[in-house]
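Take a look at the letters that make up each chain.
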Amino acid sequence: LHRQMQAPLGNLVPADTDSGGERQTEARAGRAHFQPCKWPPEVQHPGMKWTEKQKRTYTGSTLPGEKKDTTSVPFPQSYSPEYVESGWYQWWEKEGFFTPEYHNKLPHAASRTFSLCIPPPNVTGTLHLGHALTVAIQDSLARWRRMLGCKVLWVPGCDHAGIATQSVVERRLLREHGKHRQDYGREEFLREVWKWKNEKGDEIYHQLRKLGASLDWSRACFTMDEGFSRAVTEAFVRLCDSGLIYRSEALVNWSCALGSAISDVEVEMKQLTGRTLLSVPGYEKRIEFGTMVTFAYPLEGVGEVSVSTTRPETILGDVAIAVHPEDPRYKDLHGRACRHPFTERLLPIIADALVDKELGTGAVKVTPAHDHTDFLLSQRHSLPHLTVIGGDGHMTSLCGQWLEGVRRFDARERVMEALMEKKMFRGRRDHPMSLPVCSRSGDVIEPLLRKQWFVRCGEMAGKAIQAVDDGELEIIPSFYTKTWRNWLSNISDWCISRQLWWAHFAILIKVCSEYLPRCKSPFSLDTDVLDTWFSSGLFPFAMLGWPRKTPDLAQFYPNTILETGSDLIFFWVARMVMLGTELTGQLPFKQVLLHSLVRDKHGRKMSKSLGNVIDPLDVISGVSLERLQEKVKEGNLDPRETTVAMEAQRKDFPKGIPECGADAMRFALCSHKIHGEDINLSVSQVLSCRHFCNKMWQTVKFTLGALENSGSPLGTTAEVQNQDPGLIDRWICSQLYSTVLQCERGFENYELHSVTSTLQSFWVHSLCDVYLVRECVKPVLAAGNGAEDGEVQRARQILFHCVSVSLALLSPFMPYLTEELWQRLQPHGGTADPSTSLCVQGYPQSSQLAHLHFPQEEAEFPLVQEVARVTRSLRAQCHMTRERPDCEFKSECCEKII
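Not measured: the values here are computed from a predicted model.

**What about the overall build of the chain?**
Each helix and strand counted, the chain has 30 helices and 30 strands in total. The buried share among the 898 residues of the chain stands at 57%. Partitioning the contacts of the chain with sequence separation of at least 6, the portion at a separation of at least 24 is 78%. Of the roughly 37,700 Å² that the chain leaves accessible, carbon and sulfur atoms contribute 50%.

**Some details on the packing of helix H23 (residues 683-707) against helix H25 (residues 752-771)**
Across the interface, H23 lies against H25 with an axial gap of 11 Å and an inter-helix angle of 45 degrees. What the angle tells us is that H23 and H25 run oblique. Like other packed secondary-structure pairs, H23 and H25 cross with a definite hand, here left-handed. Listed contacts from H25 to Phe 692, Lys 695, Met 696, Thr 699 and Val 700 of H23 are Gln 760, Trp 763, Val 764, Leu 767 and Cys 768. Of the residues assigned to the contact of H23 with H25, the class counts are seven nonpolar, two polar and one charged.

**Overview of the sheet that holds strand S27 (residues 559-565)**
Taking strand neighbours across the sheet as the criterion, the three strands line up as S23-S28-S27 in an open arrangement whose pairing is parallel. Both outer strands of the open sheet, strand S23 (474-476) and S27, are each paired with one neighbouring strand and no more. Recorded for the sheet is a direction-independent mean angle of 15 degrees between the axes of neighbouring strands.

**Notes on the packing of aromatic side chains**
Here the structure, examined in full by the defined rule, presents 33 aromatic pairs. With a centroid separation of 5.7 Å and an interplanar angle of 70 degrees, the aromatic rings of Phe 189 and Trp 501 are classed as edge-to-face. Note that Phe 189 is positioned in helix H8 (residues 186-210) and Trp 501 in the loop between strand S25 (497-498) and helix H14 (505-511), a separation of 312 residues in sequence. Both rings, one in Phe 667 and one in Phe 692, keep their centres 5.4 Å apart while their planes meet at 40 degrees; by these two values the pair is tilted. Of this pair, Phe 667 sits in helix H22 (residues 662-670) while Phe 692 sits in helix H23; the two residues are 25 residues apart in sequence, bridging distant segments of the chain.

**Topic: the pairing of strand S18 (residues 346-351)**
Here strand S16 (residues 320-323) pairs with S18 via three bridges, running parallel. Within the sheet, the bridge partner assigned to Val 323 lies in S18 and is Ala 351. Bridge count for strand S17 (residues 337-339) against S18 is three bridges, and the pairing is antiparallel. Looking across to S18, one finds that Arg 339 is bridged to Leu 346. Hairpin geometry of S17 and S18 is characterised by an intervening segment of six residues between the two adjacent antiparallel strands and by a positive phi of about 65 degrees at Glu 344.

**A short note on the environment of Gly 303**
Structurally, Gly 303 can be placed in the loop between strand S14 (291-298) and strand S15 (304-309). Using a relative accessible area of 42% as the deciding quantity, one classes Gly 303 as partly exposed. The spatial distance from the C-alpha of Gly 303 to the C-alpha of Cys 338 is 9.4 Å, given a sequence separation of 35 residues.

**Let's talk about the pattern of salt bridges**
Taken as a whole, this structure holds 44 salt bridges when the rule is applied. Between Lys 631 and Asp 618 there is a salt bridge whose closest N-O contact spans 2.8 Å. Of this pair, Lys 631 sits in helix H20 (residues 625-634) while Asp 618 is found in helix H19 (residues 616-621), placing the two residues 13 residues apart along the sequence. The exposure class of Lys 631 is partly exposed, given its relative accessible area of 28%. Judged by its relative accessible area of 7%, Asp 618 is buried. A salt bridge links Asp 729 to Arg 794; its shortest N-O distance comes to 3.1 Å. Of this pair, Asp 729 sits in helix H24 (residues 727-748) while Arg 794 is found in helix H27 (residues 789-810), placing the two residues 65 residues apart along the sequence. Here the two residues Asp 729 and Arg 794 agree in accessibility, since each one is buried.

**Quick look at empty space enclosed by the protein**
Tallied over the entire structure, the rule returns four cavities of 30 Å³ or more. Put simply, the second largest cavity is a space of about 70 Å³. In this structure, the second largest cavity is lined by Glu 288, Thr 291, Val 293, Thr 310, Pro 312, Arg 412, Glu 413, Met 416 and Arg 428. Per element, the largest residue contribution to the lining of the second largest cavity is three residues, and it comes from helix H11 (residues 408-421). Grouping the constituent residues of the lining of the second largest cavity by class yields three nonpolar, two polar and four charged.

**Remarks on the confidence of the model for the chain**
This prediction gives the chain a mean pLDDT of 85; 87% of its residues lie at or above 70. In the predicted structure, residues 1-48 sits below a pLDDT of 50 and forms 129 contacts with residues beyond four places in sequence or in another chain. Overall, residues 889-898 carries pLDDT values under 50, and its contacts beyond four positions in sequence, including any with other chains, amount to ten contacts.

**A closer look at the layout of surface pockets**
One simple way to see leftover space: roll a probe sized like a water molecule over the atoms. Size it by volume and the second largest pocket reaches roughly 940 Å³. As for the second largest pocket, its lining consists of 38 residues, of which Thr 310, Arg 311, His 370, Asp 371 and Thr 373 are closest to the centre. When residues of the lining of the second largest pocket are traced back to their parent elements, those giving at least two are strand S11 (267-272), S14, S15, strand S19 (363-366), helix H10 (372-381), H11, strand S21 (433-438) and strand S22 (446-455). Split by residue class, the lining of the second largest pocket holds 16 nonpolar, 13 polar and nine charged.

**Quick look at the packing of H22 against H23**
At their nearest, the axes of H22 and H23 sit 8 Å apart, and the two run at 120 degrees to each other. Put simply, H22 runs oblique to H23. Crossing handedness for the pair H22 and H23: right-handed. Where H22 abuts H23, its residues Asp 663, Ala 664, Met 665, Phe 667 and Ala 668 lie against Gln 685, Val 686, Cys 689, Arg 690, Phe 692 and Cys 693. Of the residues in the contact of H22 with H23, the class split is eight nonpolar, one polar and two charged.

**Some thoughts on the sheet that holds strand S10 (residues 260-262)**
Strand order in this open sheet of four strands is S10-S9-S22-S24, and the pairing throughout is antiparallel. The sheet is open, and its two edges are formed by S10 and strand S24 (494-495), each paired on a single side.

**Looking at helix H6 (residues 162-177)**
In this model, H6 (16 residues) spans 22 Å end to end at C-alpha, consistent with the 22 Å of a helix rising 1.5 Å per residue. Residues of H6 that are buried include every one of Gly 162, Ile 163, Ala 164, Thr 165, Gln 166, Ser 167, Val 168, Val 169, Arg 172 and Leu 173, and no others. Downstream of H6 by one or two residues, Gly 178 has phi in the positive range, about 70 degrees.

Thresholds, definitions, all that
Residues numbered from 1 in each chain as written. Predicted model: local features only at pLDDT ≥ 70, side-chain atom pairs only at ≥ 80, totals over all residues. Heavy atoms only, no water. Helix = DSSP H or I, 4+ residues; strand = E, 2+ residues; numbered from the N terminus. Buried < 20%, exposed > 50% of the residue type's maximum accessible area, 1.4 Å probe, protein only. Contact = heavy atoms within 4.5 Å. Areas by Shrake-Rupley, 256 points an atom, 1.4 Å probe, with all protein chains shown as cover. Axes fitted to C-alpha atoms, helices over the stretch in contact; angles between N-to-C directions. Parallel < 35°, antiparallel > 145°, perpendicular 65-115°, else oblique. Left-handed = near helix turned anticlockwise from the far one by under 90°. Nonpolar A, V, L, I, M, F, W, Y, C, P; charged D, E, K, R; others polar. Pairing = 2+ DSSP bridges. Phe/Tyr/Trp six-rings, centres within 6.5 Å; stacked < 30°, edge-to-face > 60°. Salt bridge = Lys/Arg side-chain N within 4 Å of Asp/Glu carboxyl O. 1 Å grid on protein atoms, 1.4 Å probe; cavity = no way out; pocket = protein on both sides within 12 Å on 5 of 7 lines; lining within 4 Å. Points joined across faces, edges and corners; volume = space filled by probe spheres on them. pLDDT = per-residue confidence, 0-100. Expected span 1.5 Å × (residues − 1).

This is the structure in structure tokens:
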């Protein structure tokens, strides 16, 4: 208590300092040198001030793949991410620590397996902070399970991303060479795409390694690899044989910019409150949406019927007028007909309850080939289908010479002018509406009638719902089960046809001959390719060698868990469950863990056009504003979007992004509550975690100094109880036990934010703020040889185990820093194999540390801390110092004491 009372306010040991003297010593030794950061000396962030830190580079003689030298290289004065993260990953990978085969070498090996797949990132570009969150969560779980002794398989991969990749490459070729894909031809264009893939795929794998992801690279797969393509072909044929895949003409979501159909989940509904001008691919001027036009159709005989529409360009495809059967305004018109003002065609007036009486005039034009509701009406009333807009977005020959070949939104204006000339125009007004937009191209969706491949989803969706209801599949957090049930209950058949060049059909042509003789369904080799989500839906079992019966498939399927963003629950998760259950007879995984989305500090969704998409490597290594802006210019944004993005960067990162390191970024990402609201991430939060990294560095530096002349090894934690520890020793040991217990509970419940909070609290508030304060442990460790030798050895032993166990607890989140510090600390313990890594050591478990639990001391010690806090406060208020220890209390101080 006396030591606690005497400790100066805010005096923490070790201090976060930097010494120029040690820099000179190390520079002379030739082991490490400094590099000044590229950004100015001070960067301001909300609530945080960043001062320039000098970069330290590891220059030891270690070759790539060899274990990093931590014995002969002096311990640097302060933490430097670049120094710490150098060399470790190559050694981990070369030693095979991340492969399930290494499991046999673990002394604590258990008979359990743990398998999962990384959501394969699109090969179109680089990873962003959303991907980094997924990697941080998955790697923390994989490393934790590996340290518990499980046989862990975490498979990396990339998705060919048909639409996205083809779009990116087409834009690049147009920008650099002024050519469209048709100018190249299919084969030459695909060679360009493969070049892009080889470049970007390697970049993504480099990012994953820099993030410290403990993936088994020997099993990496790409969705267009030969083995994976064979799995796609097998799945397609089997589903055809079972009648779940069929070919039919239907109205599909069509992107004229892509020249391809897209699925329902790739359509974003843009909410408009009224007249809005929007940019549409292929148009120089913005196009007007959010208005409703009213015009008249002359009745056959006498009179007219006014109809309202938001799409006057489709008037040439009208085949009927529809009214509600109970609308009194049109009761007398049932069965009559109108004359089309441009084609003289007779349009019957039909009555159907699908019509909304309150919308517009209550009478609607029916265009079955360009509207989903109208298509349903045509089926009910046997109406013809007239396609007046082609797949390229131009009007067809059915429109007549005056519109044929005109772009659809240019045709809109011509139709309006023609209606005015014929005196059929009756007005235009603002109209709130939902505008369907292609999430891939930004194009306005055009419903078109096309013959496509479809997957029947009803029965498979029912099984997916039942699996959750029966508890066979657990969705975490559980509130997503309602979303799961609602979406799958209303699912429509899935259009898997795409009209692209970069996709699986090119592979299918080469191998289909061996399948065609046994394929029961009619099989036509047309130009369609398969939806990217069809192949990625096979990932949990195709990555293990399916349809071949491989040892990996037998051992690791079903996967233990799927962890991914909540935005993929329909795109990917539901389809994996449906396809996996149908093709393998088993659910592809037992649990689904969904995390929130990462947004910028303003709460905005990450978007290249907003300039807020951050490369994780820029947070890890730091980057200047100039380089950030160069990256925007190198992208595929149009000039207007580039200007907006660069301006946003200047506001958010006026002086660039400082070097934070992979460990700080991973820890910051996992410190957020991932189940619930979206995560608003700022660089200042990552910087705060870098400061924690430096606190850990200084703590271990202090510890190594205290252990320097310790002599014999410090033994195990079991020996602590035999050393007759004092009150504060028992308290810190009990705090360590409680920390281990809380980490176990947090990991088991997938509450990683609870684990990171517990670990940071123990290290900073218990270990540094209390146990290591100057007047507590430091005098004991400084006692040297003499009467207090037993107390000194006990203090060293407890300090060593507190730090060593804490590093093991933090290892799943901070693999680089904990490895660096643990390797330097272990020679003093004398129990670990010097050739091994922390990442394959046993994870601390409460059952093994129960002897460190002192519940009475843990319950009573807060009173000691409170007395010390009040005493310090009074001492400060009464101006008592070392120079004036006996000054008289002022009257107000005496009153407070009383």
